[in-house]
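Residues per chain are reported as follows:
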Amino acid sequence: MRIGSAKQSYLADQALFDSTPQRAWFGVLLLALVAFPFMANEYWLYLACLVGLNIVSTTGLNLLTGYTGLVSLGQAAFMGLGAYTVAILQVRYGSPFLLNLLAGGIVAMLGGILVGLPSLRVKGLYLAIATIAAGFMTHFLFAHWAGITGGNGGMTVPPARLFGAELDTSFRLYWVIAPIMILMVFGAANLFRTRIGRAFIAIRDRDISAAVLGIPLMPYKLMSFAISSFYAGVAGGLFAYFFRVVTPESFPLLMSIFFLAAVIVGGMGTISGSIFGAIFMTLVPELLKLIVGWLPLGDNATLVLSPVRTIVFGSMIVLFLIFEPHGLAEIWRRIRRLFHLWPFRT
Amino acid sequence: MLRTHLKKWITSLAVTSVLAAASSAWAQEDIVLGGSIPLTGVFAFAGIGIDAGIKDYLKIVNDAGGVKGRKLRYVPEDTGYKVDASMAAFKKITSQNKVSLYYADSTGFSKTVNPELERSGAMLMTGASFGKELNDPKKYPLQFMVGPDYSEMVGILLNYIAKAKPGAKVAIVYSDTEFGRDPIEAARTSIKKLGLNLVTEIVTAPGSVDVSSEVIKLRRADPDYTIFHGYILAPIPEFVTQAKALGMKTAFMGTFWSMDNSTVMKMGDSADGFMGVMPYRYYYDTDGKSPMLEKIRQLHPEYQSTAYTQGFLSAMLMTEAVKRTLDAGKPLDGKNMKAALNSIANFDTGGLIGTPITIKGNSIPVGRIYKADMKQKKMLPVSDWITLEQ
């Protein structure tokens, strides 16, 4: 029985994983991720890629909302900036895939810094409304700057190429999306072991106290917006390569709400929450579809149960908020504690 | 020696019978029509009709023995009118079935799925989109639309206007969406070409409610005809009611998705005389010979929407492409089926479209102008069938 993580050195305190079993389980997870594409069909590979890029974007938003306490409804706009940057670079200049992704992240980051400026004066719902404006502005830009963005029709993106291989199937894209996702999740986890990450948390907990403690609010808030939108930009870039089409209407406000819901359902202020939230929001509607498909209700099952499925999904979100406001990450933490402390109760 | 010959003979007989059995099994294999159908979400009103239309037509075909003895099997998935969900549905359906035909729910999905469609080369696709961009056989070689594209719809309206009132003043009101902006450039060109006079263009948010300032702008322009595009219902009723209250005499017009009988009737009494382009005959249209409409009326005594007709006709044309491909002894792949579809000339849709159709490219540029009669609660034809040159 393990009743806690005894840390006897600074090195142990700084380690990403608390214990050897954790490291072993992470190894198992990596092996599963490597084996998955060889066992899954096209549908599950598609969903895995979708989950991967949603995890990147949700992690980015969690850095901003969950860790820094700055509510944003502009995540889709930043994804759009990343996606269009990648599309333009790929279509017009045929520049390398990874460079395009990086550029997508940087352009989104610059957009994030601009949109983050009001966060110095307003917060909470007021900031949320201010960030919604980002969506309107980017939509206008994408739709009307037709010479660059292709206007209403958007842009068709050729498949990404890496080391001469064309990434034109979900199977091939998986090998790019999954490592980038792991890298970015680790990046976020590491951030909170640095001065910057801890400053974000201090700002979230009480910004005035943070300022009194000597944390300058302006640079850190803008830094949080920058990092968060960099994540969104990279996710948007992956989106462009994944769907191969970007249009002004690919990044609606509803998409930002989707990511905010993923952060809340997964667990605000936890990295695992970002992962659980993105998985939940992407896969639960699909799983509900599968369940509906299994029910022996004849040809009209889809027609009859589709609205019911939507209601069930909505209700699940509401129930989570009522009974587990700390999200899926908290449930996961309790499950882990149950095993750690068994046969004692938590 | 004899034993060796006998062995060879038995082996070849066995191989032949296995191949024959396999080919006979293949011959009996169902032809699958997959569908990303919006049964929930903002487009569900149409999706439910489309779903019913496809199901009914396939039932008629299957009850009559299928196509060359092969049954057609419909595999739909709800998408909620979201592109990622539509793609997931596509992947799910195509990874679990050998799909030959597919129904797509939106312009966004049709564009997104196109590289995948071309890569597999196995399917022929149609759908709910009438986006002008899809009407390009080079860019979208395996897709087509069951009717005119949005630019052609507005073109049909403008042709009617030019004939009814040469040199008429025209206004266009459209939503600030991809859907709304789709035909505007082409409309400007057609207006000029037909000698009409474009007096104003008004852009609104989709589904906006307060349009009083836009109505004042419209009154100032004083058009003879006002064409709405990019809306289903709102803000058309607000425009029509306020314009009538201001004493305006302009004739209001719409395109396909705002032209269903139930949609127009929801606009209220002030929409009496509302006109628009419709590529299909309405459910209750008894004008001319229409055995397929008769069949639909027998199946459903109650009104069936124009979305239903769209789904029904989509299934009919895809089935026709399958039939022609199989008749020619060619494999059922996207390229062959598209070529078979494009070989359709002067085809009788059983009266669903009131004139024989020819499919050269990716659209069927034909339509008729109907006008709302609020007393009868019906859309009545005010023009003959208008076919644009492809």
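All residue numbers refer to positions counted from 1 along the written sequence of the respective chain. Chains carry letters from A onward and ligands carry numbers from 1 onward, assigned in written order. Whole-chain, interface and lining totals are the exception, using all residues; otherwise, since this is a predicted model, local features are given only for residues with pLDDT of at least 70 and side-chain atom pairs are given and counted only at 80 or more. Hydrogens are left out, water is left out, and the side-chain values use all remaining heavy atoms of the structure.

Whenever I open this one, the environment of D105 of chain B confuses me. Can you help?
Residues and elements named next belong to chain B. Strands here are runs of E lasting at least two residues and helices are runs of H or I lasting at least four, both read from the DSSP assignment and numbered beginning at the N terminus. You can see D105 is positioned in the loop between strand 3 (99–104) and helix 4 (107–120). The contact criterion used is simple: two residues touch if any of their non-hydrogen atoms lie within 4.5 Å. Among residues more than four places away in sequence, those in contact with D105 are S36, P38, F43, T79, Y81, K82, S86 and A128. Reaching out from D105, the side chain makes a polar contact with the side chain of S86 at a distance of 2.9 Å. In protein, a polar contact requires one atom able to donate a hydrogen and another able to accept it; more generally it is a pair of N or O atoms within 3.5 Å, and residues adjacent in sequence count only if both atoms are side-chain atoms.

For this particular structure, what's the right way to read the confidence of the model for chain B?
When pLDDT is low, close inspection of the predicted coordinates is not appropriate. Residue and element names in this part refer to chain B. Looking at chain B, pLDDT values average 91 and 93% of them are 70 or higher. Scored below 50 in pLDDT, residues 18–26 makes two contacts in the model with residues more than four places away or belonging to other chains. Confidence metrics for the complex model read pTM 0.87 and ipTM 0.85. Known as pLDDT, the predictor's confidence for each residue is given on a scale from 0 to 100.

What exactly am I supposed to notice about the interface of chain A and chain B here?
How big an interface is tends to be expressed through the accessible area that disappears when the partners come together. Contact residues are listed per partner, giving 31 residues for chain A and 26 residues for chain B. What counts as buried area is the accessible surface, traced by a 1.4 Å probe, that two parts surrender upon association, with contributions from both included. A buried area of about 2,500 Å², summed over both sides, lies between chain A and chain B, and 58% of it is on carbon and sulfur atoms. By definition here, a salt bridge exists when the distance from a side-chain nitrogen of Lys or Arg to a carboxyl oxygen of Asp or Glu is within 4 Å. Inspection of the region where chain A meets chain B yields four salt bridges. Viewed at the interface, chain B and chain A are joined by seven residue pairs in polar contact (both at pLDDT 80 or more). Of all the secondary-structure elements, those providing two or more residues to the side of chain A that touches chain B are helix 3 (42–67), helix 6 (125–144), helix 13 (271–294) and helix 14 (301–323) of chain A. Here the side of chain A that touches chain B gets six residues from one element, more than from any other, and that element is helix 14 of chain A. As a working rule, the residues Ala, Val, Leu, Ile, Met, Phe, Trp, Tyr, Cys and Pro are called nonpolar, Asp, Glu, Lys and Arg charged, and the rest polar, with Gly in that last group. Partitioning the side of chain A that touches chain B into residue classes produces ten nonpolar, 13 polar and eight charged.

How should the pattern of salt bridges be read in this particular structure?
For side chains of opposite charge, pairing can occur when their charged atoms come near one another. On inspection of all chains with the given rule, the structure shows 32 salt bridges over all chains. Note that E166 of chain A and R161 of chain A form a salt bridge whose closest N and O atoms lie 2.9 Å from each other. For every residue, the accessible area obtained with a 1.4 Å probe (protein chains only) is divided by the maximum for its type, and the residue is called buried under 20%, exposed over 50%, and partly exposed between those limits. With a relative accessible area of 30%, E166 of chain A lands in the partly exposed category. Given the relative accessible area of 46%, R161 of chain A is considered partly exposed. Across the salt bridge formed by E116 of chain B and R119 of chain B, the nearest N and O atoms sit 3.0 Å from each other. Linking E116 of chain B with R119 of chain B, this pair stays in helix 4, spanning three residues, or about one helical turn. Given a relative accessible area of 14%, E116 of chain B falls into the buried group.

Can you walk me through the pairing of strand 11 (residues 378–381) of chain B in this structure?
Consecutive residues of a regular strand have side chains that alternate between opposite faces of the sheet. Residue and element names in this part refer to chain B. Strand pairing is assigned whenever DSSP detects at least two bridges linking the two strands. Where strand 10 (residues 366–373) meets strand 11, four bridges bridge the pair, whose relative direction is antiparallel. Of the residues in strand 11, the one forming a bridge with Y370 is P381. In this structure, the hairpin formed by strand 10 and strand 11 is closed by a connection of four residues, where K377 is found at a positive phi of approximately 60°.

Help me understand the sheet that holds strand 4 (residues 124–127) of chain B in this model?
What holds strands together in a sheet is hydrogen bonding between their backbones, with the strands either parallel or antiparallel. All names here are of chain B. An order of 2-1-3-4 is seen for the four strands of this open sheet, with the pairing classed as parallel. What marks the edges here is a single partner per strand, and that holds for strand 2 (72–78) and strand 4. Across the sheet, the mean angle separating the axes of adjacent strands is 20° when strand polarity is ignored. Interaxial angle, 0 to 180 degrees, is taken between N-to-C directions of lines fitted to C-alpha atoms, where a helix line uses only the stretch in contact.

It is not clear to me how unusual backbone geometry should be interpreted in this structure. Could you clarify?
Residues and elements named next belong to chain B. Residues A234 and P235 are joined by a peptide bond in cis, for which omega reads 5°. One can find P235 in the loop between strand 7 (225–229) and helix 9 (236–245). Unusually for a residue other than glycine, K68 sits at a positive phi of about 50°. Tracing the backbone shows K68 in the loop between helix 2 (44–63) and strand 2. At Y81, a residue that is not glycine, the phi angle is positive and equals roughly 60°.

Sorry, what's going on with the packing of aromatic side chains here?
For any pair of aromatic rings, geometry is given as the distance between the ring centres together with the angle between the planes. Residue and element names in this part refer to chain B. Here the aromatic set is Phe, Tyr and Trp, taking the six-membered ring for Trp, and pairing holds for ring centres within 6.5 Å; pairs whose planes are under 30 degrees apart are stacked, those over 60 apart are edge-to-face, and all others are tilted. One pass over the structure, following the stated rule, counts 41 aromatic pairs over all chains. With centroids separated by 6.3 Å and ring planes inclined at 75°, the aromatic side chains of F228 and Y231 adopt a geometry described as edge-to-face. Of the two residues examined, F228 and Y231, each falls in the buried class. Ring-pair connections join several aromatic residues into one group, and the members of that group are F43, F45, Y81, F130, Y150, F179, F256, W257 and Y280.

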